[in-house]
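Residue-level structure breakdown
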Amino acid sequence: GDVYKRQVSTQSTWGLDQFMEYLQEIQKLPSLIKEILVKFHESTPKRLKLVDYFIVFLAILTFLQLVYYALIGRHPFEALLAGVYTTLGTMIFTVALRMHITTSSQGQKDTEFDVKFSKSALAEYMIACLVLYLTALNYMRQFSCYYTLTSVSYTHLTLPTIPLVQ
């Protein structure tokens, strides 16, 4: 009983040594991130960097839409859903495109097969994005028609009055 209590109490509390080790690991994080970025810039072709930057842009755009929704506006909830849906969907499709391009060009120079494969991957990407945007547009159209039909004001309409005979 007493040994179990000592084991539980030592496992649940942090010692000063463990805390200092944790702080040292955190201090190594900026240099690790810098090393990763340097290797990325040195070894990644310009076209792939462009695709990667677009993925990061879409992630930031999604985050900004969610922050806007949380802080400022909540009225057109369907617009938020469609916006997040399209940015996340485009980001996922772009990641898939990057994977296609990366796997097709690993260890090979530009051959005819790679060019055709890249063109087919780009065509698939464009078709998938088109379907995604049309779906979001249809989603927005359905709700905009709903709001138009339910928000019609009939206050300007008056019923004809029948004069009463006295």
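Residue positions within a chain follow its written sequence, with the count starting from 1. Owing to the predicted nature of the model, reporting of local features is limited to residues with pLDDT of at least 70; listing and counting of side-chain atom pairs is limited to 80 or more, with chain, interface and lining totals taken over all residues. Hydrogen atoms and water are omitted, and side-chain values are computed over all heavy atoms in the structure.

Think of it this way: any DSSP run of H or I at least four residues long counts as a helix, any run of E at least two long counts as a strand, and we number them from the N terminus. Broken down by element type, the protein carries 5 helices and 0 strands. The order of helices and strands in the protein, counted from the N terminus, is α-α-α-α-α.

All right, on to helix 3 (residues 46–71) then. To estimate the expected span of a helix, count its residues, drop one, and scale the result by 1.5 Å. A rise of 1.5 Å per residue sets the reference length of helix 3, with its 26 residues, at 38 Å; its end C-alpha atoms lie 37 Å apart and thus fit the reference within 8%. Per-residue accessibility, obtained with a 1.4 Å probe over protein chains only, is compared with the maximum for each type, and a residue is labelled buried under 20%, exposed over 50%, and partly exposed between these values. Within the sequence span of helix 3, burial applies to L48, K49, V51, D52, I55, L58 and T62.

Side-chain rings of Phe, Tyr and Trp, where Trp is taken by its six-membered ring, are said to pair if the distance between their centres is within 6.5 Å; with planes under 30 degrees apart they count as stacked, over 60 as edge-to-face, and otherwise as tilted. Per the stated rule, a full pass over the model turns up 3 aromatic pairs. Consider the rings of F40 and Y53, whose centres lie 6.5 Å apart with planes at 70°: the pair is edge-to-face. With F40 in helix 2 (residues 16–43) and Y53 in helix 3, the pair connects residues that are 13 residues apart, well separated along the chain. For the ring pair Y69 and F77, a centre distance of 5.7 Å and an interplane angle of 55° mean the geometry is tilted. For Y69, a relative accessible area of 23% translates into the label partly exposed.

Looking now at the environment of R98. Relative to the elements of secondary structure, R98 occurs in helix 4 (residues 77–105). As for R98 and S118, which are separated by 20 residues in sequence, their C-alpha atoms are 9.9 Å apart. Note on definitions: a residue-residue contact is assigned when non-hydrogen atoms from the two residues lie within 4.5 Å. Setting aside residues no more than four positions away along its own chain, R98 makes contact with T44, L48, V51 and D52.

On the secondary structure map, T44 appears in the loop between helix 2 and helix 3. On the basis of relative accessibility, which here comes to 13%, the residue T44 falls in the buried class. A polar atom in the side chain of T44 sits 2.8 Å from the backbone oxygen of F40. Once residues lying within four places of it in the same chain are set aside, the contact partners of T44 are K49, D52 and R98. The definition of a polar contact used here is a pair of N or O atoms within 3.5 Å, where within protein one atom must be able to donate a hydrogen and the other to accept one, and adjacent residues in sequence count solely through side-chain atom pairs.

Okay, the confidence of the model for the protein next. Each residue gets a pLDDT score, which is the predictor's confidence in that residue and runs from 0 to 100. Averaged over all residues, the pLDDT of the protein is 77; the fraction at 70 or higher stands at 68%. Averaged pLDDT values for the elements of the protein fall to 53 in helix 1 (residues 2–12) and rise to 91 in helix 3.

Glancing now at the pattern of salt bridges. Just to be clear on terms, a salt bridge is a Lys or Arg side-chain nitrogen sitting within 4 Å of an Asp or Glu carboxyl oxygen. The full count for this structure, using the stated rule, is 3 salt bridges. The salt bridge partner of E25 is K28, with a shortest N-O separation of 3.6 Å. On the criterion of helical spacing, the pair formed by E25 and K28 is a turn pair, its members being 3 residues apart in helix 2. Note on K28: relative accessible area 48%, which makes it partly exposed. As a salt-bridge pair, R98 and D52 come within 2.4 Å of each other at their nearest N and O atoms.

What follows concerns the environment of I92. Mapped onto the secondary structure, I92 falls in helix 4. Measuring from C-alpha to C-alpha, the distance between I92 and I55 comes to 8.4 Å, with 37 residues separating the pair along the chain.

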